[in-house]
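So the chains spell out like this:
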Amino acid sequence: MKSKLLLLAAASTLIGTIAPAFAQRGLDPAITALKLTPNITPGCGVAGRRVPDTLPPVGKPLEMRPPVNPAAKPNFPGQTRANYVKTSVPITETVIAKGLERAWKIQFLPDGRMMITERPGRIRIVTQQGVVGEPIAGVPVSRSTANPQGPVLNFSDGGFMDVVLDPDYRTNRKVYWSFVEIRPNGNGTTLQSAVLSPDEKSFSNITTIFTSPSWVNAGHYGGKLLITPDRKILLTLGERIDWEMRILAQSIQSPLGKILRMNLDGSAPADNPLAKLAESEPRIYAMGLRNNLGLAYDARGRLWGSEIGPLTADEINIIVPGGNYGWPLASHGQDACGQHTNGGASSYPGTIQPIYYWDPTIAPSGIAFYNGKLVPEWQGNLFVAHLAGGHVSRLVLKNDRVVGEERFLLSQNQRLRDVQMGPDGAIWALTDNIDGRLVRLAPTGK
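A brief look at the structure comes next. (Residues numbered from 1 in each chain as written. Predicted model: local features only at pLDDT ≥ 70, side-chain atom pairs only at ≥ 80, totals over all residues. Heavy atoms only, no water.)

Section: the overall build of the protein
Stated precisely, the cut-off is as follows: Secondary structure counts use DSSP, requiring at least four H or I residues in a row for a helix and at least two E residues in a row for a strand, with both numbered from the N terminus. Our radius of gyration looks at C-alpha atoms and nothing else; its globule reference is 2.2 Å times the residue count to the power 0.38. Whether two residues are in contact is decided by their heavy atoms: any pair within 4.5 Å suffices. Each accessible area value is a Shrake-Rupley result obtained with a 1.4 Å probe; residue values ignore everything except the protein chains displayed when judging cover.
When helices and strands are tallied, the protein shows three helices and 24 strands. Taking 446 residues into account, the globule formula puts the C-alpha radius of gyration at 22 Å, and the protein, at 20 Å, falls close to it. Reported as C-alpha extents along the three principal axes, the dimensions of the protein are approximately 55 × 55 × 45 Å. Contacts spanning at least 24 positions in sequence make up 60% of the contacts within the protein whose residues lie at least 6 apart. Accessible area of the protein: about 17,300 Å², with a carbon and sulfur share of 54%.

Given below as C-alpha cells:
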C-alpha cells in the first residue's frame, strides 16, 4: 500500500474563526494564569458521549445511535458499524487496583509487574496482585500552586503521558517518557529518556531528546510512544486542534499531525521516508493525522494506529511508511461546532482511507492486539480503549476489515485510556479518572 506525501498551502476553506480563550472551573490558579483554551469551544457540543448499555441481537450492527454526520458515507463495505459479536465464554472484569489519578499508560516490566503513569506527573510500579507502589522520584511533575516550577501541563488532554522501555532495559534500566511541557512561548510535547535506579525509587540521567513546536493554546498533543522491532522509537504528535494549526498535518516541514520515527537519541534515521529531502522534517514517518493516541504491531509486523476524530469519525488505520491519512483534507466527520473540513470531503487523492471509523465519536485511545492462549477466539483481535465511549472494544478482523465488534467494561462507568495484553494472557485496561482503576479481563475462574 503506497500513497503520495503532500505539501499543501493552507486553503481558506480549512481555516475558521479562532476560538476565544476562557477560564475552566476548578483549575489550580497556577494553570488558570496561563489563560489556555481547552479543546472544546464554548457553546459547541461535547466531543463524544458514553455508549448506551443496551445491546442489539448478536449479528446486528452494534452502534444503534443515528450518525452525527449522515452525509458522510463509507468508502467501502464494512468501514463502519460492524455487527455485534459476543465472546463464547463468560468474561470476568476484576478491578485489580484503584486510586490511580488520571492514569495514562500500562507498561509491563520483564518480571510481569507494571509501570503505570499518571497525568499529574507520576510513575508507579503496580503488581498483578494490585500492590501499588509509591511514586518514583525524578519524574517531571505538573505545575500547581504547590509546585510553581513544575514543567508538566496537566490540562485539557495534556499531562504526563507515556512510558516505554529501552530495548536493552534489562541491562541499562533506561526508559523513555512523554509529557506536555510548559514553556516560555507556550507548551508542547517533550520526549525524554531516564534511567531507573536499582532500588526502583528514583530516575536519573534525565535527557531531553525531542521537543515539538510550542503553541499557545491547549489540545491534541499525541504523546504515544512505541519501540519498533528495529530498535527505533515512534512518537505521535497531534496537530494542536486550532483551525490555523490543522493544516500543518499536511506540511512536510512540521512534525505536528504526524507519527515520528527516531533513533533512540532523537535523531532521524537515514531510511525514514523523507530523510533525503532537505526541506522536510526528517523524523516524519506518517502524516495527515489529527491526534493519534494508540499504536500497536499485528502478528505480521504491521503498524496500526487509533485516531481521535472530530465530533464524528474516530479511526483505525494501518500505518505505512510515508503514508498520508488525509487530515484535514478528508474526514468522515465534523467538528464539535458542526463545521466540516474541506467541504465535507471523506476522501482525497493520494491519502489513505481508515480501515474502520466510528460515528458518533467514542474517542479511541490505547490499542493492543491479542496473541495469547487464555481466550483462543480472541486471537488476532484488536482491543481498543475508548475515552468518551467509556469502554474497551474488541474488533474482529478478516482480510483487514472489521467484521465484528464487542464492548467490555461499561460497568466501570469510567473513561478507558489504555489497554494491553498481559504476560498472563489476560487483557489489562486502565481508566482515566480521578479515582482511576486497573482492570483485568479474563475468562471466569482464570
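Focus on the side chain of Thr 236
In plain terms, the rule: Burial classification: accessible surface area is computed with a 1.4 Å probe over protein chains only, and a residue below 20% of its type maximum counts as buried, one above 50% as exposed, and the rest as partly exposed. We call two N or O atoms a polar contact when they sit within 3.5 Å, provided that within protein one can donate a hydrogen and the other can accept it, with sequence-adjacent residues counted only if both atoms are side-chain atoms.
Mapped onto the elements, Thr 236 comes out in strand S10 (residues 233-237). Thr 236 sits in the buried class, given a relative accessible area of 0%. Within the local environment of Thr 236, its side chain forms a polar contact with the backbone oxygen of Asn 292, the two atoms lying 2.7 Å apart. For Thr 236, the residues in contact, after removing those within four places along its chain, are Tyr 221, Gly 222, Gly 223, Lys 224, Lys 258, Ile 259, Asn 292 and Leu 295.

Details of the pairing of strand S19 (residues 382-386)
The condition is simple: Pairing between strands is defined by DSSP: at least two bridges between the two strands are required.
Burial of S19 is extensive: five of the five residues sit out of reach of the surface. Where burial is concerned, the two faces of S19 agree: the one with Leu 382, Val 384 and His 386 and the one with Phe 383 and Ala 385 are both buried. Relative to S19, strand S18 (residues 364-369) runs antiparallel, the two sharing four bridges. Looking at S19, one finds that Pro 364 is bridged to His 386.

Structural notes on empty space enclosed by the protein
Rules: For cavity detection a 1 Å grid was placed over the protein atoms alone, and a set of points counts as a cavity when a 1.4 Å probe fits there but cannot get out; an open set counts as a pocket when protein lies on both sides within 12 Å along at least five of seven lines, with lining residues being those that have an atom within 4 Å of a point. Grid points are joined across faces, edges and corners, and a volume is the space filled by probe spheres set on the points. Residue type decides the class: Asp, Glu, Lys and Arg count as charged, Ala, Val, Leu, Ile, Met, Phe, Trp, Tyr, Cys and Pro as nonpolar, and the leftover types, Gly among them, as polar.
Per the counting criterion, the structure on display carries four cavities of 30 Å³ or more. In terms of lining, the largest cavity is formed by 13 residues, of which the most central are Arg 290, Glu 307, Ala 313, Glu 315 and Trp 327. For the lining of the largest cavity, a count of residues per class yields six nonpolar, four polar and three charged. Of the voids in this model, the second largest cavity is the one considered here, and its volume is about 50 Å³.

Concerning the sheet that holds strand S24 (residues 436-443)
In sheet architecture, strand pairing relies on hydrogen bonds along the backbone and comes in two forms, parallel and antiparallel. Threshold: Each axis is a line fitted through C-alpha atoms, and for a helix only the stretch in contact is used; angles between axes span 0 to 180 degrees, taken between their N-to-C directions.
Reading across the sheet, the four strands line up as S1-S24-S23-S22 and stay open at both edges, with antiparallel pairing between neighbours. Looking at the sheet topology across the chains shown, the edges are occupied by strand S1 (91-100) and strand S22 (416-421). Mean inter-strand twist for the sheet, computed between neighbouring axes without regard to direction, equals 20 degrees.

Some details on the packing of aromatic side chains
Selection rule: Pairing of aromatic rings covers Phe, Tyr and the six-membered ring of Trp, with a centre-to-centre limit of 6.5 Å; geometry is then stacked below 30 degrees between planes, edge-to-face above 60, and tilted otherwise. Only when the NZ of Lys or the CZ of Arg is both within 6 Å of the ring centre and within 35 degrees of the ring normal is a charge said to sit over the ring.
By the definition in use, this model includes eleven aromatic pairs. Through a chain of ring-to-ring contacts, three or more aromatic side chains come together here, namely Phe 160, Trp 177, Phe 179 and Phe 203. Between Arg 246 and the ring centre of Trp 243, over which it is positioned, the NZ or CZ distance is 4.1 Å. The ring of Trp 327 has Arg 290 sitting right over it, with the charged end atom 5.3 Å from the ring centre.

Section: the pairing of strand S4 (residues 122-126)
Burial analysis of S4 places four of its five residues in the buried class, the great majority of the element. In this sheet, S4 lies alongside strand S3 (residues 114-118) in antiparallel orientation, the contact comprising five bridges. Looking across to S4, one finds that Glu 118 is bridged to Arg 122. Between S3 and the antiparallel strand that follows it, S4, lie three residues; Gly 121 among them carries a positive phi value of about 110 degrees.

Things to note about the sheet that holds strand S21 (residues 401-408)
The strand order across the open sheet built from four strands is S18-S19-S20-S21, with neighbouring strands paired in antiparallel fashion. The sheet terminates laterally at S18 and S21, the two strands that pair on one side only. For this sheet, the mean inter-axis angle between neighbouring strands, taken without regard to orientation, is 25 degrees.

Quick look at the nonpolar core
This is how it is decided: Each nonpolar core is a collection of buried residues, namely Ala, Val, Leu, Ile, Met, Phe, Trp, Tyr and Cys, held together in the definition by side-chain atoms within 4.5 Å.
Judged by nonpolar contacts, the single largest core of 30 residues is most densely connected at Ile 106, Ile 116, Phe 383, Leu 409, Trp 428 and Leu 438. For this core, the secondary-structure elements that each account for two or more residues are S1, strand S2 (103-108), S3, S19, S22, strand S23 (427-431) and S24. The residues contacting Ile 116, other than those within four sequence positions of it, are Leu 100, Ala 103, Lys 105, Ile 106, Arg 122, Ile 123, Arg 124, Val 126, Leu 430 and Leu 438.

Looking at unusual backbone geometry
Going from Trp 327 to Pro 328, the amide bond is cis rather than trans, its omega being -5 degrees. Along the chain, Pro 328 falls in the loop between strand S16 (323-324) and strand S17 (356-358). Here Asp 359 and Pro 360 are connected by a cis peptide whose omega angle stands at 5 degrees. Tracing the sequence through the fold places Pro 360 in the loop between S17 and S18.

Some points on the pattern of salt bridges
Side chains that differ in charge, positive against negative, can pair when their charged atoms come close. Under the convention used in this document: The working definition used for a salt bridge is a side-chain nitrogen of Lys or Arg within 4 Å of a carboxyl oxygen of Asp or Glu.
This structure, assessed with the given rule, holds 24 salt bridges. One salt bridge connects Glu 200 with Arg 113, and the closest N-O pair in it is separated by 2.6 Å. With Glu 200 in the loop between strand S7 (186-196) and strand S8 (203-211) and Arg 113 in the loop between S2 and S3, this residue pair connects regions lying 87 residues apart in the sequence. Judged by relative accessible area, which is 24%, Glu 200 ranks as partly exposed.

Any link to function would need more than the numbers given here.
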